[in-house]
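Residue-level structure breakdown
Chain by chain, the residues run as shown.
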Amino acid sequence: MNFFDTHAHYNDEKFEEDRNIIIREIKENNIKYVTVVGYNIESSIKAIEIANKYDNIYATVGISPNDLDSQIDLEKIESLAQDKKVVAIGEIGLDYYWNKENKDLQKDIFVKQIEIANKMDLPISIHTREAVYDTLEVLKNRIKVKNSGIFHCCPLNIELIKEAVKLGFYISFSGNVTFKNSKNANKCIEAVPIDKLLIETDSPYMTPEPYRGKRNNSIYVKLVAQKIAEVRNMELEDIAKITLENAKRVYKIVD
Ligand SMILES: [Zn+2]
């Protein structure tokens, strides 16, 4: 049984000491593919470096809504996106939980990075937090996303999921669906068409139960898959296989 962790940050400094060991371990534990996601210029460069070191690792490049005080060099993002291991532009989007003061700038940079994705023929990885309405508004009215994309660590908001699916997006669940206080998890898991379902860890964050609080790694993506299998009354093996195929489709990975 093989898994695809569609969103992890092995470019994070929390992996500085033991990155190589962890990446070897996850491979030995049936994590067949991982996408390492950038969130500013530096982390995007690092994601590409890691992806070029390991066959089973891919990268994304982008500037997240929480990194707009770092260098906003969109030409650099476009040039980084040309690397053959880059499979998406992201994580990009809107975050009004951490940043309410610069909503217009967030929207503007989100749109401009979608333009890059469209130009480069890449999908997008969307980060949205406390900004559901505006995120959908951008995707519906301001720019058309050419190559689909992923709502990463998707908020457990049934209306958002329905709208996102209608627009052709994929929904990626993380440890958030395993948390004891996540009331809507089951309903949200059921609302996603099986061919749009993805799993991720968002390592080193969002560690699933029962390991919540520890540093996350891709091996724990199995706990997310396990939760989905239980809710949908399916075999873990089928969830693994389907989410892996879905991830390869959205990221256009051929092997
Ligand atoms: Zn992330």
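Let me begin by describing the structure that accompanies this report.

As a further point, take the nonpolar core. The biggest cluster of nonpolar side chains holds 69 residues, and the ones touching the most others in it are Y10, I89, I124 and F173. Residues in contact with I124, not counting those within four places in the same chain, are I89, I92, F110, I114, A117, L139, V145, S148, G149, I150 and F169. Residues Y33, I150, Y251 and I253 belong to the second largest nonpolar core, which totals 13 residues.

Protein coordination of the zinc ion is provided by H7 (NE2), H9 (NE2), E91 (OE) and D202 (OD), with donor distances spanning 2.1 to 2.5 Å. Here the zinc ion is ringed by four donor atoms whose angles at the metal span 86 to 174 degrees, and the overall shape comes out irregular. For the zinc ion, all donor residues lie on one chain, and their spacing in sequence is H-x1-H-x81-E-x110-D. Separated by 111 residues along the polypeptide, E91 in strand β4 (residues 86-95) and D202 in the loop between β8 (197-199) and α8 (221-232) bring together distant segments of the chain. Taking the relative accessible area as the measure of exposure, E91 reaches 6% and is therefore buried.

This brings us to the pattern of salt bridges. The final tally for this structure, using the stated rule, is 12 salt bridges. Look at the salt bridges and you will find they share partners, linking E16, R19 and K46 into a network.

Reading across from one edge, β1-β2-β3-β4-β5-β6-β7-β8 is the order of the eight strands in this open sheet, with parallel pairing throughout. The sheet is open, and its two edges are formed by β1 (3-8) and β8, each paired on a single side. Taking each pair of neighbouring strands and ignoring which way they run, the sheet shows an average axis angle of 30 degrees. Note: strand β3 (residues 57-61) against β4, three bridges, orientation parallel. Bridge pairing in β4 links T60 to A88. On the sheet, helix α4 (residues 103-120) packs against β4 and β5 (124-129) and is oriented at approximately 165 degrees with respect to β4.

Time to look at unusual backbone geometry. Residue P204 is bonded to the preceding S203 through a cis peptide linkage, with omega at 5 degrees. Note that P204 resides in the loop between β8 and α8. A positive phi angle, near 40 degrees, is found at C153, a position not held by glycine. Here C153 lies in the loop between β6 (149-151) and α6 (158-166). The backbone of K252 shows a phi angle near 55 degrees, a positive value even though the residue is not glycine. Classification of K252 by relative accessible area gives partly exposed; the value is 44%.

Procedures and definitions
- Residues numbered from 1 in each chain as written.
- Predicted model: local features only at pLDDT ≥ 70, side-chain atom pairs only at ≥ 80, totals over all residues.
- Heavy atoms only, no water.
- Core = buried A, V, L, I, M, F, W, Y, C linked by side-chain atoms within 4.5 Å.
- Buried < 20%, exposed > 50% of the residue type's maximum accessible area, 1.4 Å probe, protein only.
- Contact = heavy atoms within 4.5 Å.
- Donors = N, O, S within 2.8 Å, 3.2 Å for Na, K, Ca; no water.
- Tetrahedral: all angles 85-135°; square planar, octahedral: opposite > 155°, others 65-115°.
- Helix = DSSP H or I, 4+ residues; strand = E, 2+ residues; numbered from the N terminus.
- Salt bridge = Lys/Arg side-chain N within 4 Å of Asp/Glu carboxyl O.
- Pairing = 2+ DSSP bridges.
- Axes fitted to C-alpha atoms, helices over the stretch in contact; angles between N-to-C directions.

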